Amino acid sequence: MEMSRFLLGLCSFFYLYSSVWSESTCKLKAKFNLSGYKDVEKKKVVIGGMFPIHKRIASSDGNTSRLPVSSGCEGFNFRTFRWTQTMLFAINEINNRKDLLPNTNLGYVIYNSCFTISKAVEGTLTYLTGQDEAVPNYRCGNGPPLAALVGAGGSDLSIATARILGLYHFPQVSYSSSCSALESKFQFPTFLRTIPSDTHQADAIAKLVLHFGWTWVGTIAADDDYGKYGIKDFKEKVEEAGVCISFSETLPKVSSPEDIQRIVETVVESTAKIIVVFSSDVDLSPLILELLRHNVTNRTWIASEAWVTSDLINQPGVNSVLGGTLGFGLKKGDIPGLQRHLLDLDPYADPLTEEFWETLFNCTLNYGRAVRQAKQKAKEENGTLSRTVRGVPDGLCTGRESLAQLNNTYSDVSQLRITYSVYKAVYAVAHALHNLEHCEQGQGPFNGKDCADITNFEPWQLMYYLKNVRFNVPHTNEEIYFDNGDVDGFYDIINWQFNSNGEISYITVGHYNGSAAPGDKMTIMNNSIVWNNEVIEPPRSVCSENCQPGTRKGIRQGEPVCCFDCIPCADGEISNQINARECILCSGDDWSNDAHDTCVPKIIEFLAFGEPLGITLIVISAFGALVTIAVGVVFVVNIGTPLVKANDALLSFSLLFSLVVTFLSSIVFLGEPQKWSCMTSQVALALGFALCLSSIMGKAAVLMFRARALKALRARDKAAAKAAKAAAEAAANSGSPDIIVTNTNNNNDSNAGAKTEVDTLSCGHQRAIAAVATLIQAIACTVWLIIIPPHPVKNTSAQNIKIILECDEGSVVFICCIFAYDILLALLAFIFAFLARKLEDHFSEAKCVTFGMMVFFIVWISFVPAYLSTRGKFMVAVQIFAILASSFGLLTCIFLPKCYVLLVKPEQNKEEMMKPRAKPRDGNLTGTSASFATTATEVNATIASMDD
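Reference entry: report on the structure contained in this document.

Here is what the cut-offs are and how they apply
- Residues numbered from 1 in each chain as written.
- Predicted model: local features only at pLDDT ≥ 70, side-chain atom pairs only at ≥ 80, totals over all residues.
- Heavy atoms only, no water.
- Pairing = 2+ DSSP bridges.
- Helix = DSSP H or I, 4+ residues; strand = E, 2+ residues; numbered from the N terminus.
- Axes fitted to C-alpha atoms, helices over the stretch in contact; angles between N-to-C directions.
- Contact = heavy atoms within 4.5 Å.
- Disulfide = S-S within 2.5 Å.
- Buried < 20%, exposed > 50% of the residue type's maximum accessible area, 1.4 Å probe, protein only.
- Salt bridge = Lys/Arg side-chain N within 4 Å of Asp/Glu carboxyl O.
- Parallel < 35°, antiparallel > 145°, perpendicular 65-115°, else oblique.
- Left-handed = near helix turned anticlockwise from the far one by under 90°.
- Nonpolar A, V, L, I, M, F, W, Y, C, P; charged D, E, K, R; others polar.
- Phe/Tyr/Trp six-rings, centres within 6.5 Å; stacked < 30°, edge-to-face > 60°.
- Lys NZ or Arg CZ within 6 Å of the ring centre and 35° of its normal.
- Expected span 1.5 Å × (residues − 1).
- Core = buried A, V, L, I, M, F, W, Y, C linked by side-chain atoms within 4.5 Å.

### So, the sheet that holds strand S10 (residues 244–251)
So, point 1. With mixed pairing, the eight strands of this open sheet are ordered in space as S10-S9-S11-S12-S13-S16-S17-S18. Taken across any chain shown, the strands that pair with only one partner, and hence form the sheet edges, are S10 and strand S18 (522–524). Strand-to-strand twist of the sheet, defined as the mean angle between neighbouring strand axes without regard to direction, takes the value 25 degrees.
So, point 2. Docked against the sheet, helix H6 (residues 225–240) engages strand S9 (216–222), S10 and strand S11 (274–278), running at close to 160 degrees with respect to S9.

### Some details on the state of the cysteines
So, point 1. The tally for this structure, following the rule as stated, stands at nine disulfides.
So, point 2. Between the sulfur atoms of Cys543 and its disulfide mate Cys563 the distance is 1.9 Å. An S-S torsion of about 105 degrees defines the bridge between Cys543 and Cys563 as right-handed. Of this pair, Cys543 sits in the loop between S18 and strand S19 (551–555) while Cys563 is found in the loop between S19 and strand S20 (564–568), placing the two residues 20 residues apart along the sequence.
So, point 3. What makes Cys563 buried here is its relative accessible area of 2%.
So, point 4. Residue Cys569 pairs covalently with Cys583 via a disulfide, S to S 2.0 Å. Measuring handedness by torsion sign, the sulfur bridge of Cys569 and Cys583 sits at about -80 degrees and is left-handed. Residue Cys569 is found in the loop between S20 and strand S21 (573–574), and its partner Cys583 is found in the loop between S21 and strand S22 (584–585); the two are separated by 14 residues along the sequence. Judged on exposure class, the residue Cys569 and its partner Cys583 are both buried.
So, point 5. There is no disulfide at Cys893, and the cysteine sulfur nearest it, in Cys848, is 7.5 Å away.

### Considerations on the pattern of salt bridges
So, point 1. With the rule as written, the count across this model stands at 23 salt bridges.
So, point 2. For Asp39, the salt bridge goes to Lys43, with nearest N and O atoms at 3.7 Å.
So, point 3. A relative accessible area of 25% places Asp39 in the partly exposed class.
So, point 4. Two residues, Lys253 and Asp283, come together in a salt bridge whose shortest N-O distance is 2.9 Å. Taken as a pair, Lys253 in the loop between S10 and helix H7 (257–269) and Asp283 in helix H8 (residues 281–293) lie far apart in primary sequence, 30 residues in all.
So, point 5. Its relative accessible area of 35% is what places Lys253 among the partly exposed residues.

### Overview of the packing of helix H3 (residues 117–129) against helix H4 (residues 155–167)
So, point 1. Packing of H3 against H4 leaves a shortest axis separation of 9 Å and a crossing angle of 30 degrees. Considering the angle they form, H3 stands roughly parallel to H4. Viewed along their axes, H3 and H4 form a crossing whose handedness is right-handed. Across the interface between the two elements, Ile117, Ala120, Val121, Thr124, Leu125 and Leu128 of H3 pack against Asp156, Leu157, Ala160, Thr161, Ile164 and Leu165 of H4.
So, point 2. Split into classes, the residues belonging to the contact of H3 with H4 amount to nine nonpolar, two polar and one charged.

### Things to note about the environment of Pro474
So, point 1. You can see Pro474 is positioned in the loop between strand S14 (470–472) and strand S15 (479–481).
So, point 2. Among the residues examined, Pro474 registers a relative accessible area of 14% and is labelled buried.
So, point 3. Expressed as a C-alpha distance, the spacing of Pro474 and Tyr423, which sit 51 residues apart in the sequence, is 9.5 Å.
So, point 4. Those residues within four positions of Pro474 in sequence are excluded, and the remaining contacts are Arg97, Tyr423 and Tyr427.

### Examining the packing of aromatic side chains
So, point 1. In this structure the tally under the stated criterion is 36 aromatic pairs.
So, point 2. Each residue in the set Phe689, Phe830, Phe834, Phe856, Phe857, Trp860 and Phe863 is aromatic and connected to the rest through ring pairs, giving one cluster.
So, point 3. One cation-aromatic arrangement involves Arg470 over Tyr481; the distance from NZ or CZ to the ring centre is 4.1 Å.
So, point 4. Between Lys553 and the ring centre of Phe564, over which it is positioned, the NZ or CZ distance is 4.6 Å.

### What about the sheet that holds strand S27 (residues 802–808)?
So, point 1. What the three strands build is an open sheet, ordered S25-S27-S26; its pairing is mixed. Edge strands, defined here as strands with exactly one partner in the open sheet, are strand S25 (603–605) and strand S26 (791–795). Taking the axes of each pair of neighbouring strands and ignoring which way they run, one obtains an average angle of 25 degrees across the sheet.
So, point 2. Direction of pairing for S25 relative to S27: parallel, over a ladder of three bridges.

### Concerning helix H18 (residues 649–668)
So, point 1. The first and last C-alpha atoms of H18 sit 29 Å apart over 20 residues, in line with the 28 Å expected at 1.5 Å per residue.
So, point 2. By the burial criterion, the buried members of H18 are Leu651, Ser652, Ser654, Leu655, Leu656, Ser658, Leu659, Val660, Thr662, Phe663, Ser665 and Ser666.

### What about the nonpolar core?
So, point 1. Judged by nonpolar contacts, the single largest core of 104 residues is most densely connected at Phe234, Leu326, Phe356 and Leu433.
So, point 2. Among the elements that take part in this core, helix H14 (residues 418–437) stands out by supplying 13 residues, more than any other.
So, point 3. Setting aside anything within four residues of it in sequence, one finds Leu326 in contact with Leu208, Phe212, Trp214, Trp301, Ile302, Ala303, Ile493, Ile494, Asn495, Val509, Ile529 and Trp531.
So, point 4. Grouped together as the second largest cluster of nonpolar side chains are 63 residues, Val644, Ala833, Ala836 and Trp860 included.

### Things to note about unusual backbone geometry
So, point 1. Omega for the bond connecting Gly151 with Ala152 falls within 30 degrees of zero, at 20 degrees, which places this linkage in the cis form.
So, point 2. As for its placement among the helices and strands, Ala152 is situated in the loop between strand S6 (146–150) and H4.
So, point 3. Here Lys42, not a glycine, exhibits a phi torsion of approximately 60 degrees, which is positive.
So, point 4. With phi around 55 degrees, His169 is a residue other than glycine that occupies positive phi space.
So, point 5. Within the secondary structure layout, His169 lies in the loop between H4 and strand S7 (172–174).

Here is the structure:
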């Protein structure tokens, strides 16, 4: 704006400078070449208009060696020509009304902007000057006052004109400039418009994209303020919601096949199926033709209001490319009488209308031109003139061609949207003039409550009334008012649907109301939409498919956030929503399910009574206890027999009792751990094995001491026998019998002493050993239960998916000490039994104990690695198996041989079978524990036999 002020001030300065110093040198620096409509004669007020009737300015040769000439225009636009005729129709309608400006006849000055900024500026300067030659900063002539400018078409054009008009506080009402930059009243203080700002449209398109879940979108914008600001506003809104832009291309304003080809390649290579286009139909049409040539299909286009209903885009064959297009159209309105006005056009009225007619019907209204064209054609064909040329030449318009018979966008009034906006803009100016004209003196809005004069008012005075105008549009009854220069953002959501003949229908499938509540702004009928290739389901446009529950988004380095990998949640973590950024860790008692989308309670695991493994262990335990009891019954029945008497019956029964305790204690390990069961199981096992092993140790200790005593006794007896034999031989040789008698008495004394030495460890000593050893364990267990007793716990760390209910021993030190004590008893029992293994021949109880203890050690040595390598209920099962195996091993090795004799071989249960066998060849004699009571007698008998 400051630059505009500077330029205009500079122009004024040079103009005034030239006027002051030399009036003869004052001249125009350029002459504008403008086309349009003008009717100012006998008019009270003039309204200006500016329309892009042509698509572009004609290219120049760029020659700077001659006087520059303002470029002409080319590319007639039927759609914008309809807009121009709508302004003329509205002014004529207002002039014929009695309720609106009844005393004022409106005139008009309408210029063609050629869709080019330079032409728009030319028209603006000429319009402000008031005559065909533009003199900056001056109003020349004394014609009717200028009211306002309706225009100037596209946003770029309006921005250029608004900067100039704003300098003079001149009102401008636009019908198609929606750029959000024009909202700034600081830069454009006198700009108003009857079309919503693109702020609303960008929000509407963003909501449409989010409505269908599209997160991967391409954008194409015209290389002007309309396209750049529109796409910028759209990107800001969708990127906040997590939508990514796949590509962003710009359409060239000047035809550039290279740029168009590059954009087509980008569209083809991109995986985005949704493409948002902010562009005019003029700028977009070259791209659509190129897409059609490359047969680029399977894309859904989102159209801005500038081209959503344009017939310039709707060319034959575009259904394969643009089928299913969704766009936002301005509010539609019916204008009765407009079509008749359009069809009643006089082709000879003015140059623009002539050009329209000639372009539409592909002929010429100029007879001379038609003859020249016919001659040129005949010359090219055969060199002779036909009769037709000599009469009425081909290509000559009659002026009576029927507009109604043509299916042309000019006469199509089915989609009056921007046309309707033009109609509203003209009426807005008319109502502002009406309010200005009918101001009551003394109640006006200006200094001293003055009113303005309709025949001589200033632009800023009309601006006041325009800003505050409020009226209902004829025929539609829509209420129009300006909120800081803008109107409400209301759009129809339009879907391009093609029939079998390729003809398009613009079907309204929803609405957008920018002034509604946030949740009610958009209404859309999904079932009414026909998508590209006539599919029913909306297309998907994502860089990466949604991450389902059970996974999380893993962002790809260097790529947009919409491009990601779906990473499964780790065990114990879940995600229960789509596109979760992080997985949620389950609580301690929960674990993730197989799909990792829900935390489920962990499996509660313990070795239950009712499961097959538990039942099996109970049966085995009960069987072991019953067998042990049965052995005890057998011993009770045979308690008076030599075999039972030969062993301390009390120790045997205590051993059997301890085995029953160990068998039954294994059952306590089953079931859900309770405080009492944790305490009972470990203590019963420790005490049971303590009693069992101490009883065995007592037996083994007796066997060991007696074996050593018997070995010493027999060594002495053997020495005594040798001495007696030597004495007898000496007596026989010398004839002295007294020596023999003396030797015999000495041997008897020795045998008597030996018997006393063998019986030094009695049954009482065995029982004392067992009792003391068991008492020590009982005291240790009591201290353990009092200080740090075992208790049930939930083990959540051993296995991820399970909660193992188990017993916490309370103190590792205590339990290690207690079971280490049992191991010590077992080791001592094994050592004692091993030392006494050669004591007997007929019935070797020491060997049975040795084998039993070896089985015990093998079982528990195997148990340790098996126990440490298992988890959960199988740890309990392994421990129970070890208890049962060791108990069965002891029961079998120690009592099976005895039961075999008692039940199967009762003939061996005799006193003589408890005696030792004959002396081995090496002279080493062995005996049983049952023969210890007759050891001395056997020794004497041996000596007596030797004497004989």
